[in-house]
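This is what each chain is made of:
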Amino acid sequence: MSTPISALNPDFAVAPQLQPSDMAAVAAAGFKSVIINRPDYESGPNQPTAAEVIAAAQAAGLAVEYQPVVSGGMTAQDVARFTELLATLPKPILAYCRSGTRCTVLYRAATGNS
């Protein structure tokens, strides 16, 4: 996997767009869960769908949740759901969006870490 992963703490990291083909490497890197924060087709039809990534993640033995959050449009409900996912998904968790920034902002809002 050539996608850069940025650890925010030992139990949580963020990444830019991941591909279905990355999921085995994500599992091999020790992650137990993936959160997809990028809405389907945000950058057009060439972006892999959440369903494609979910199938590959599950095949790799990962827990996976699709929580699409519109860039620049994060809501209190988005933060509440992300907080719930952080509390319930097996750790460590890897979240991704277009660049990783949206996931980082969600994480900081959910945990109070700035």
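It should be noted that the structure appears before, not after, this text.
Residues numbered from 1 in each chain as written. Predicted model: local features only at pLDDT ≥ 70, side-chain atom pairs only at ≥ 80, totals over all residues. Heavy atoms only, no water.

Peer 1: Just to check I follow, could you spell out the sheet that holds strand β1 (residues 6–9) for this structure?
Peer 2: In sheet architecture, strand pairing relies on hydrogen bonds along the backbone and comes in two forms, parallel and antiparallel. Across the sheet, which stays open at both edges, the 5 strands sit in the order β1-β2-β5-β3-β4 with mixed pairing between neighbours. The open sheet is flanked by β1 and β4 (63–66), the only strands paired with a single partner. Going across the sheet, the axis of each strand differs from the next one's by a mean of 20°, ignoring polarity. Direction of pairing for strand β3 (residues 33–36) relative to strand β5 (residues 93–96): parallel, over a ladder of 4 bridges. The partner of Val34 across the bridge, within β5, is Leu94. Contacting β3, β4 and β5, helix α2 (residues 50–59) runs over the sheet at an angle of about 170° to β4. In the packing of helix α4 (residues 101–111) onto the sheet, the strands contacted are β1, β2 (12–15) and β5, and the crossing angle to β2 comes to about 150°. (Pairing = 2+ DSSP bridges. Helix = DSSP H or I, 4+ residues; strand = E, 2+ residues; numbered from the N terminus. Axes fitted to C-alpha atoms, helices over the stretch in contact; angles between N-to-C directions. Contact = heavy atoms within 4.5 Å.)

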